[in-house]
Amino acid sequence: MTSTTHPVRLLVLGTGNMARTHASAFQTIPGVKMVAGVDRRPEFLASFCEDFGIENRFETLEEAIAWRDFDAVANVTPDAAHHPTTMQLLEAGKHVLCEKPLATNAGDAREMTELAKARNLIGMVNLSYRDVAVLQKAAELVSNGTIGTLRHFEASYLQSWLTQPAWGEWRTESQWLWRLSTEHGSKGVLGDVGIHILDFATFAAGSPVAELSCRLKTFDKAEGNRVGEYRLDANDSFTLQAELANGALGTISATRFASGHLNDLRLRLYGDEGGLEVSFEKKVEKLRVCRGPDLLEANWTEIAVDPVPTVYERFVEAVRTGTCGEPDFEHGARLQSALDAAERSHVEEGRFLKL
C-alpha cells in the first residue's frame, strides 16, 4: 500500500501509441508522478519521455527493476510480452496495470493472477470500455433485478478499418498489418477486440461464460494473402454463441468489415421483466430501458447516467488503499479462458465447449 500523502511513482513499460493514452490519463490524476519509461527502441523512448516530462529512461526492464524507485507500472508492451514482463515486476514487488489481453493463453494468465495474489499486489487489466458509464449502470440495473431474470443477450463490436482508411491505410502501415498476421503476434479480431466485447457482455450480465461455440473467418484481402513480410492469416470476424453461468443464452460477435461503423459497441440484455439496450457509438453513450407497462407497446426510455471513474483512476486508488479494483487479473484470466475455448471450438468445427 502507498501512503495517500506521497505520490504514486509510476513507471511506463512500452512507449508506443497506447502508452500515450495511459500517460495522458495518469497525468490528470492528482498524486501520480510518472518517474520512468522503458523501451528497447531509443527513439520511441526519448520522444515519449520528452513529451510527458519523464526524467528517467531505461532500455531494459532489468535496468529499471535494479533502479527500483517506482511503486507501480503501466505495462503497455505487445501482447506476447505481458506474461514475462508482468511476472518480473510482480517478483520485484510492483503493482501492475496490464494492457489487455492479460496474456496470450489462459495458463499464463492464471500464473500471473496467482503470483499477484501470493505477493498481495494490485494486478488490474486495462479493459477500457469499463469506463463507459452506461455499461456500469446497465450492470447495476441487472444486478438489482430491474429487468427480472436475465434470459437472452446480444453483443457486437463493429469496426471497418479493412474497408476504408479513416485510421490509416492498412495495406501500407505496420501498425495495422501486424494485427492481420499470426506470425507477428496477432490473434485476430478475436484476441484484439473480442476480449472487450466478452467483458462488455459478461460484466453487464453479472455472470461469466459457462459454455460456448465459436466460428472464426479470415477473408482474402491481398494477392496471395500477403503484404511484404506480413502473411494475412489472422481472423477478421467471429461469431460466438454462449451460455452464461446464470443460464442466459446469447450471441457475441466482432468484425473489421462492419462498413459504416468505425468503432462501435452494442449490447442488448433481455430479462423476463424488461430489456436494456447499451450502445457506445462514435464515442456517444446511450442506455435505454423497456419494462413494466411499457412492455405492452414496446416503448423504450433513455436513462441519463453520470460519468464514472476511469480504470486508471481505479488503479491508482487500489495502489493507495491496497484493495484491488475491477477489472482484476482474476477476471482477465477468466476472459482468456473463454478466448482459448473459442479458438479450440473453431478448430473443432464449432463444437460447444464447457469452461
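Positions within a chain are numbered from 1, following the residues in the order the chain's sequence is written. Predicted model: local features are reported for residues with pLDDT of at least 70 only, side-chain atom pairs are reported and counted for 80 or more only, and whole-chain, interface and lining totals are derived from all residues. The side-chain values count all of the structure's non-hydrogen atoms but skip hydrogen atoms and water molecules.

### What about the overall build of the protein?
Per the convention used, a helix needs a DSSP run of H or I reaching at least four residues, while a strand needs a run of E reaching at least two, with both numbered from the N terminus. What the protein contains, in helices and strands, is ten helices and 17 strands. Here the globule rule reads 2.2 Å times residues to the power 0.38, and the radius of gyration is calculated from C-alpha atoms. Expected size for 355 residues packed as a compact globule is a radius of gyration near 20 Å; at 21 Å, the protein falls within 12% of this value. By its C-alpha atoms, the protein is 65 × 55 × 35 Å across when sized along the principal axes. When the 355 residues of the protein are sorted by exposure, 53% land in the buried category. Throughout, a residue-residue contact means that at least one pair of heavy atoms, one from each residue, lies within 4.5 Å. A separation threshold of at least 6 residues defines the contact pool for the protein, and within that pool the share at least 24 residues apart is 70%. Surface exposure of the protein reaches about 15800 Å², of which carbon and sulfur atoms provide 50%. Note on charges: Lys and Arg go in the positive column, Asp and Glu in the negative column, and His and the chain ends are not counted at all. The location of each charge is read from NZ of Lys, CZ of Arg, CG of Asp or CD of Glu. Charge separation in the protein, taken as the distance between the mean sites of 37 positive and 50 negative side-chain charges, equals 1 Å. Using a 1.4 Å probe on the protein chains alone, a residue whose accessible area is under 20% of its type maximum counts as buried, one over 50% counts as exposed, and one in between counts as partly exposed. Only the protein chains shown count as cover for residues, and all accessible areas are computed by the Shrake-Rupley method using a 1.4 Å probe.

### Some thoughts on the pattern of salt bridges
When the charged atoms of two side chains lie near each other, side chains of opposite charge can form a pair. Think of a salt bridge as a Lys or Arg side-chain nitrogen and an Asp or Glu carboxyl oxygen that are within 4 Å of each other. Scanning all chains against the criterion turns up 26 salt bridges. Across the salt bridge formed by Glu330 and Lys117, the nearest N and O atoms sit 2.8 Å from each other. Of this pair, Glu330 sits in helix α10 (residues 329-347) while Lys117 is found in helix α5 (residues 106-118), placing the two residues 213 residues apart along the sequence. Across the pair Arg231 and Glu183 runs a salt bridge, and its minimum N-O distance is 3.1 Å. Of this pair, Arg231 sits in strand β10 (residues 230-231) while Glu183 sits in the loop between α7 (174-177) and α8 (188-205), placing them 48 residues apart in sequence. Three or more residues are tied together by salt bridges with common partners; here these are Lys100, Arg179, Asp192 and Arg256.

### Describing the side chain of Thr86
Secondary-structure assignment places Thr86 in helix α4 (residues 82-91). Any pair of N or O atoms that falls within 3.5 Å is considered a polar contact. Within protein, one atom must be able to donate a hydrogen and the other to accept it, and sequence-neighbouring residues count only if both atoms are side-chain atoms. Among the polar contacts listed, one links the side chain of Thr86 to the side chain of Asn75, at a separation of 3.0 Å. Dropping the residues within four chain positions of it, Thr86 is found in contact with Asn75, Val96, Cys98, Met112 and Phe329.

### Focus on helix α1 (residues 17-27)
Along α1, the positions that sit buried rather than exposed are Ala19, His22, Ala23, Ala25 and Phe26. Burial along α1 is one-sided: seen end-on, the buried residues are contained in an arc of 165°. In this description, one arc is meant: the one made by directions from the helix axis to the C-beta atoms.

### Comments concerning the sheet that holds strand β1 (residues 8-13)
Strand order in the open sheet formed by six strands is β3-β2-β1-β4-β5-β6, with parallel pairing between adjacent strands. Because the sheet does not close on itself, it has two edges, and the strands there are β3 (56-58) and β6 (123-126). Looking at each pair of strands side by side, their axes are set apart by 25° on average, direction ignored. Pairs of strands are assigned from DSSP output, requiring at least two bridges between the strands. Bridge count between β1 and strand β4 (residues 72-75): four bridges; the pairing is parallel. Bridge pairing links Leu11 to Val73 in β4. Interaxial angle, 0 to 180 degrees, is taken between N-to-C directions of lines fitted to C-alpha atoms, where a helix line uses only the stretch in contact.

### What to know about unusual backbone geometry
The omega torsion across Lys100 and Pro101 is -15°, close enough to zero to call that bond cis. Topologically, Pro101 is positioned in the loop between β5 (95-99) and α5. Here the residue pair Glu326 and Pro327 is connected by a cis peptide bond, since its omega of 0° sits within 30 degrees of zero. Here Pro327 shows up in the loop between α9 (311-321) and α10. A positive phi angle is found at Lys283, which is not glycine, with a value near 65°. Positionally, Lys283 belongs in the loop between β14 (274-281) and β15 (284-291).

### Some words on the environment of Trp170
By the secondary structure assignment, Trp170 is in the loop between β7 (150-159) and α7. Residue class for Trp170 comes out buried when judged on its relative accessible area of 3%. Each C-alpha atom of the pair Trp170 and Leu180 lies 9.4 Å from the other, and the pair is ten residues apart in sequence. Beyond its immediate chain neighbours, meaning those up to four positions away, Trp170 contacts Trp161, Leu162, Trp176, Leu177, Leu180, Lys221 and Leu232.

### Structural notes on the sheet that holds strand β11 (residues 237-244)
Pairing in this open sheet of nine strands is mixed, and the strands run β16-β15-β14-β13-β7-β12-β11-β8-β17 from one edge to the other. Each edge of the sheet is formed by a strand with only one pairing partner; in this case those strands are β16 (301-302) and β17 (353-354). Sheet topology places β7 next to strand β12 (residues 249-255); seven bridges connect them, and they run parallel. Looking across to β12, one finds that Tyr157 is bridged to Ala254. Here α10 sits on the sheet and contacts β8 (209-217), β11 and β17; the angle it forms with β8, its principal contact strand, is near 50°.

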